[in-house]
Amino acid sequence: MGNWIVNHGLDTFILVVWMGINIFLFVHFYLFYDLGPQFFYTRQLLGSALAWARAPAAVLNFNCMLILLPVCRNLLSLIRGSFVCCGRTMRKQLDKNLSFHKLVAYMIALMTAVHTVAHLLNVEWFINSRHGRYGFLAGNLSALEDDEDDHETFLNPVQSDSTTPTIFAFTTIAGLTGVVITLALILIITSSMEVIRRSYFEVFWYTHHLFIVFFAGLVFHGYGRIVRSQVTTDPPHNTTFCKDQPENWGKIPECPIPQFAGGFPQTWMWVIGPMVIYLCERLLRFVRYLQTVRYKKIVMHPSKVLELQLLKSGFKMDVGQYVFLNCPEISELEWHPFTMTSAPEEDFFTVHIRSAGDWTDRLIKMCWGPYYGIEKMGVDGPFGTASEDVFDYEVSMLVGAGIGVTPFASILKSIWYKFKDSNPKLRTRKIYFYWLCRETHAFEWFADLLQVLEKEMEERGMRDFLIYKLYLTGWDHTHAAQVMVNFDKDTDVITGLKQKTHYGRPNWDKEFEQVRHENPSVVLLMIKNLVSNYVYVTS
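What you see is a predicted model; the values in this text were computed from it and never measured.

Quick notes on the rules
- Residues numbered from 1 in each chain as written.
- Predicted model: local features only at pLDDT ≥ 70, side-chain atom pairs only at ≥ 80, totals over all residues.
- Heavy atoms only, no water.
- Helix = DSSP H or I, 4+ residues; strand = E, 2+ residues; numbered from the N terminus.
- Buried < 20%, exposed > 50% of the residue type's maximum accessible area, 1.4 Å probe, protein only.
- Contact = heavy atoms within 4.5 Å.
- Areas by Shrake-Rupley, 256 points an atom, 1.4 Å probe, with all protein chains shown as cover.
- Pairing = 2+ DSSP bridges.
- Axes fitted to C-alpha atoms, helices over the stretch in contact; angles between N-to-C directions.
- UniProt positions renumbered as here; feature names shortened; annotations may be inferred.
- Disulfide = S-S within 2.5 Å.
- Patch = residues over 30% accessible without salt bridge, like charges linked within 9 Å, V, L, I, M, F, W, Y side chains within 5 Å.
- Salt bridge = Lys/Arg side-chain N within 4 Å of Asp/Glu carboxyl O.
- Phe/Tyr/Trp six-rings, centres within 6.5 Å; stacked < 30°, edge-to-face > 60°.
- Lys NZ or Arg CZ within 6 Å of the ring centre and 35° of its normal.

1. Topic: the overall build of the protein
Assigned secondary structure in the protein consists of 21 helices and 13 strands. Expressed as a percentage of its 539 residues, the buried residues of the protein come to 47%. In the protein, once contacts between residues fewer than 6 apart in sequence are set aside, the share between residues at least 24 apart is 73%. As presented, the protein carries roughly 27,900 Å² of accessible surface, and 61% of it is formed by carbon and sulfur atoms.

Below, the structure is given as C-alpha cells:
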C-alpha cells in the first residue's frame, strides 16, 4: 500500500478532487433548479427535465474551462521548469496531460448527451404547453407575453402555435448554436478514436480544430436564454396562493401577472481565461515557427529510420526532452512530437524519425529521395519529460522498446560527455539499460552509440558502469541458425557488441532481484519509489 500511495497517490487524489467537483456542481445545480422557488412555474412546463438540463450545463462549464489547459504545452513546460513548488511528483503528473485531456473530453461528451436529451424534451414540452396539453396552469403560463414596455417577461420561448422542434432548433440562438456545438463535438470525438488517429492522422488533426467552432458556439449558446426564472414584482406575486387561480392574475393585488427573465450567460466567464492562454500558446508556436532552422546533417538508417541533425539559434535542451516538428511542404498545420536523441553538450539537436504513417513517409521521401531537400522545418520546444531526473540517482534503470529508446540515446550520450569532461556534478554511478525490439534491423542505428560507450567505459576501467541488455522478441529459424554458427565469437552477430543479444522477453522478477543484489544501498529506494523515481519506461 505504501508503494502504491507513493506511485499513484497523487494521481488518485487529483482524479478524486476533479470528480468531486463535478459531482458537487451537478448535485448543487440540480437541487437549485429542482427546488428553487423562482423556477416553480418553469417546472410546471418542463418538470424534472429542467434540472436534468441545467445540472449538466454547470459541469460542462467547468470541464470546458479545463479542456484546453492540458494541451498548452508551453504553459506546462513553464510550470515544470520555473516553479520551486513543482517537485518531481508533480512533474510526473504533467507528463499525463493528454490522459487528463481525454478524461475531461469524456466528461464533456457525457454531459453534452444528457444536456441535449433533456433540452429536446424541454422543447417538446414547451410546444405541448403552448397547445394547452398539460392543463390550465401550463396553458396560462405559456400564453404570457411581454409587458407593456416590451420587456421580455414571458416564460415560454415558444410564442407561436406553428412552431415545431425543427423550427425552434434552427431559428433560435440556443437551438442553432446547440446544433453546431453538438455536430462539432461528435466529429471531434469520433475522429479521435485510436483506429482513426493512427491510420488517418490528418482526419484527426483537422477535425480537432473544430474546437474553434465548438468554443465560439459555446460562448453564444447561453444568450438564447430559453430557461427563464420568475422575477420579483411590486406587489410580489404569491406563488403559493396564486398557482391555483391563474384566471385572477392581474385582477387581485395578491396575484399580479408573474414576470420572468432569462439568466445572464455565464459560460464565457468560465472559458475566457483558458481561451486567452491557448491563444498566447498558439502565438508563441507561430513565433517559434518563424525562427530559422538549419540542417547540419541528414542520415538514413536501416529500418526506415531518418536522422535529422538540426541547428537553431538560442536552442537549449535537457536529456530526454522532445520537440514538435512541422514541415510546411507536407502540411502547414500538422505538428508531430519527436524525442531528441542528442545530448545537451552538443551544439546541435538530433531527432530519429521512424516511418509510421503518411506524414513520416513523405518526410523520409523528401529528405532521402532522388531530389531530396526540405526548404523549411518548423520546431517548437523543447519540452520536458521525466527523463530529466535520471541523473539525480546513483543507480537508474532505463527500459525502452523499439523507437521508444530515443530518450535514452540522449541520456547515454550525455553521460559519455560528462565522463569525458569529468563532470563533478554527475551523481550517477551505475545504469541498467534494457532495450526490447521485434526486428534485428531496429538495433542497427543505436548500436554505434553503444559501441562508443562500451569502448569508452572499458578504457576508463568502468566496464560495470553501463550494463545493457538487448532483447530480440521476434526471430525465425534463420536467426537461430546464424546464432548457433557464430556463438563462440567475441561480439554479437546481430549488433557487433560484446554484450550478446537475448532472445525473448526479460524475466523482470529475476532482473529486479539481480539489481537489488548488486546495489544493496539503494534497495529501499527501489522498493519504495519504483516507478516514479527509479524506473523510467517508454513505449
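2. Comments concerning the sheet that holds strand 4 (residues 305-312)
Strands belonging to one sheet form pairs held by backbone hydrogen bonds; the direction of such a pair is parallel or antiparallel. Across the sheet, which stays open at both edges, the three strands sit in the order 3-4-7 with antiparallel pairing between neighbours. Across the chains shown, the open sheet's two edge strands, defined by having one partner strand only, are strand 3 (293-301) and strand 7 (349-354). Neighbour-to-neighbour, the strand axes of this sheet turn through a mean angle of 20 degrees, independent of strand direction. Summarising the sheet, strand 4 and strand 7 pair through six bridges and their orientation is antiparallel. When the bridges of strand 7 are listed, Leu-306 appears paired with Ile-353.

3. Remarks on the UniProt feature "transmembrane region" (unreviewed entry) in the protein
Under the feature "transmembrane region" (unreviewed entry), the UniProt entry names residues 12-33, 53-72, 100-121, 167-191 and 203-223. Strand forms 0% of residues 53-72 and helix 70%; the C-alpha atoms that close the span are 30 Å apart. Secondary structure content for residues 167-191 is 96% helix and 0% strand, and the end C-alpha separation is 30 Å.

4. Here's the deal with the pairing of strand 8 (residues 378-383)
Counting buried residues along strand 8, six of its six residues qualify, which places the element largely inside the surrounding structure. The sheet contact formed by strand 5 (residues 322-326) and strand 8 spans four bridges and is antiparallel. By the bridge assignment for strand 8, Leu-325 is matched with Val-379.

5. Section: unusual backbone geometry
Cis geometry is adopted by the peptide bond preceding Pro-235, which originates at Asp-234 and carries an omega value of 5 degrees. Tracing the sequence through the fold places Pro-235 in the loop between strand 1 (228-231) and helix 13 (239-242). Across the junction of Gly-381 and Pro-382, the peptide omega takes the value 10 degrees, indicating a cis bond. Positionally, Pro-382 belongs in strand 8. Even without glycine at this site, Arg-225 takes up a positive phi of about 50 degrees.

6. Regarding the state of the cysteines
In this structure the tally under the stated criterion is one disulfide. Cys-242 shares a disulfide with Cys-255; S-S distance 2.0 Å. Across the S-S bond of Cys-242 and Cys-255 the torsion is about -95 degrees, and the bridge reads as left-handed. Here Cys-242 is found in helix 13, whereas its partner Cys-255 is found in the loop between helix 13 and strand 2 (259-262), with 13 residues between them in sequence. Assessed through its relative accessible area of 0%, Cys-242 is described here as buried. Left without a disulfide partner, Cys-72 is nearest to the cysteine sulfur of Cys-280, which lies 9.2 Å away. Accessibility expressed as a relative area gives 0% for Cys-72, which makes it buried.

7. Describing a nonpolar patch on the surface
Taken together, Ile-173, Phe-220, Tyr-223, Phe-264, Trp-268, Met-269, Ile-272 and Val-276 make up a surface patch of nonpolar side chains, about 770 Å² in accessible area. With four residues, helix 14 (residues 267-290) is the single largest residue contributor to the nonpolar patch. The residue Val-276 is located in helix 14 in this model.

8. Observations concerning the packing of aromatic side chains
How two aromatic rings sit relative to each other is given by the distance of their centres and the angle of their planes. In this structure the tally under the stated criterion is 25 aromatic pairs. Aromatic pair Tyr-33 and Phe-39: ring centres 4.5 Å apart, planes at 45 degrees, arrangement tilted. With relative accessibility at 11%, the residue Tyr-33 sits in the buried group. A ring pair is formed by Phe-201 and Phe-204, whose centres lie 5.4 Å apart and whose planes are at 55 degrees; its orientation type is tilted. On the criterion of helical spacing, the pair formed by Phe-201 and Phe-204 is a turn pair, its members being three residues apart in helix 11 (residues 201-208). Overall, the relative accessible area of 13% leaves Phe-204 in the buried class. It is Arg-228 that lies over the ring of Phe-154; its NZ or CZ is 4.1 Å from the centre.

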